[in-house]
Amino acid sequence: MLAKQFKTQFIILYLDAQPPLVRYGLAVLAVAIAATVTQHIPVIGERAVFLIFFFAIIQGAFWLGRNPALLAMILSFIAVNAFFMLPVWLSKPYDAIALNSGFCILAAVFITTTGLYRNLTLALWESRQDLNHAQAVGQIGSWRMNVLRNELRWSNENHRIFGIPKGTPMTYETFLSTVHPDDRGYVDRMWQRGLRGEPYDIEHRIIVAGQVKWVR
């Protein structure tokens, strides 16, 4: 899950680094695809004409940023009214006004909320980069254990300290296997006590690539 989040953030940063012409061009392409899909799937054009355009706007807001998303919103508004809403304007103009008003309001809400989520995603990435750098400098790792599922999550520095590659399925047994055989029973006893509420603050040896290290 975490790896997927990082890939998402790298894609956003990559797109942000592209010239405006590329990002706006992608927004135009998204609207063009939405219009094509809506034209070729009659049930969408008849019952949910704005649906695919909303999707294009949301994707534009998340991947490309606010301004390209606003362009996608404007182009979607034009495309919907030019290709799909003309019969409604002729027969029921008040319905057309209501539909367009609702579209503009919802699109603005989607752009705003998606933009907030985008900013939080980038802020999380920057914060984790800072944490990884601080841990690497201080040679301090961090970990989180889901006891019920026996799932262990390590920071990058923890993986480096213990010599276990990232992506390796991590459990309590995986950690215990790195502990020096002479310390393994002690560590397990202290861990079991920790599960019962006692403090877990110990020093012990681990074996990494045949070398002995001390960790706390």
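Thresholds, definitions, all that
Residues numbered from 1 in each chain as written. Predicted model: local features only at pLDDT ≥ 70, side-chain atom pairs only at ≥ 80, totals over all residues. Heavy atoms only, no water. Phe/Tyr/Trp six-rings, centres within 6.5 Å; stacked < 30°, edge-to-face > 60°. Helix = DSSP H or I, 4+ residues; strand = E, 2+ residues; numbered from the N terminus. Buried < 20%, exposed > 50% of the residue type's maximum accessible area, 1.4 Å probe, protein only. Patch = residues over 30% accessible without salt bridge, like charges linked within 9 Å, V, L, I, M, F, W, Y side chains within 5 Å. Areas by Shrake-Rupley, 256 points an atom, 1.4 Å probe, with all protein chains shown as cover. Salt bridge = Lys/Arg side-chain N within 4 Å of Asp/Glu carboxyl O. Axes fitted to C-alpha atoms, helices over the stretch in contact; angles between N-to-C directions. Parallel < 35°, antiparallel > 145°, perpendicular 65-115°, else oblique. Left-handed = near helix turned anticlockwise from the far one by under 90°. Contact = heavy atoms within 4.5 Å. Nonpolar A, V, L, I, M, F, W, Y, C, P; charged D, E, K, R; others polar.

Colleague: Teacher, can you tell me more about the packing of aromatic side chains here?
Modeller: For any two aromatic rings, the description comes down to two numbers: the centre-to-centre distance and the angle of the planes. On inspection of all chains with the given rule, the structure shows 17 aromatic pairs. With centroids separated by 4.8 Å and ring planes inclined at 20 degrees, the aromatic side chains of Phe 50 and Phe 103 adopt a geometry described as stacked. Residue Phe 50 is found in the loop between helix H3 (42-47) and helix H4 (51-63), and its partner Phe 103 is found in helix H7 (residues 93-138); the two are separated by 53 residues along the sequence. For the pair Phe 50 and Phe 103, a shared accessibility class is recorded, and that class is buried. Seen in terms of ring centroids, Tyr 172 and Trp 191 are 5.5 Å apart; in terms of plane orientation they differ by 20 degrees. Their pairing is stacked. Residue Tyr 172 is located in helix H9 (residues 172-178), and its partner Trp 191 is located in helix H10 (residues 181-195); the two are separated by 19 residues in the primary sequence. Since its relative accessible area comes to 10%, Tyr 172 is described here as buried. Site record: aromatic cluster; members linked through ring pairs are Trp 143, Trp 154, Phe 162, Tyr 172, Phe 175, Trp 191 and Tyr 200.

Colleague: Help me understand a nonpolar patch on the surface in this model?
Modeller: Taken together, the side chains of Leu 86, Trp 89, Leu 90, Tyr 94 and Ile 97 make up a nonpolar region of the molecular surface, amounting to roughly 600 Å² of accessible area. Those elements that place two or more of their residues in the nonpolar patch are helix H6 (86-91) and H7. Among the elements that line the nonpolar patch, the one with the most residues is H6, at three residues. Looking at where Ile 97 falls in the secondary structure, it is placed in helix H7.

Colleague: Would you mind going over the packing of helix H5 (residues 66-83) against H7 with me for this structure?
Modeller: In contact at an axis separation of 11 Å, H5 and H7 are set at 160 degrees when each is read in the N-to-C sense. Classified by the angle their axes make, H5 and H7 are roughly antiparallel. Considering the relative orientation of H5 and H7, their crossing is right-handed. Listed contacts from H7 to Arg 66, Ala 69, Leu 70, Met 73, Ser 76, Phe 77 and Asn 81 of H5 are Asn 100, Phe 103, Cys 104, Ala 107, Ala 108 and Ile 111. Residues of the contact of H5 with H7, tallied by class, amount to nine nonpolar, three polar and one charged.

Colleague: Got a minute to help me understand the pattern of salt bridges in this structure?
Modeller: Opposite charge on two side chains permits them to pair, given that their charged atoms come into close proximity. All told, the structure shown has four salt bridges when counted by the stated rule. Note that Asp 16 is salt-bridged to Arg 118, the shortest N-O span being 2.6 Å. Taken together, the residues span a long stretch of sequence, with Asp 16 in helix H1 (residues 2-16) and Arg 118 in helix H7 at a distance of 102 residues. Assessed through its relative accessible area of 8%, Arg 118 is described here as buried. With its nearest N and O atoms 2.9 Å apart, the salt bridge here joins Arg 205 to Asp 183. Taken together, the residues Arg 205 in strand S3 (residues 204-208) and Asp 183 in helix H10 connect sequence positions 22 residues apart.

Coordinates in, geometry out; function isn't part of it.
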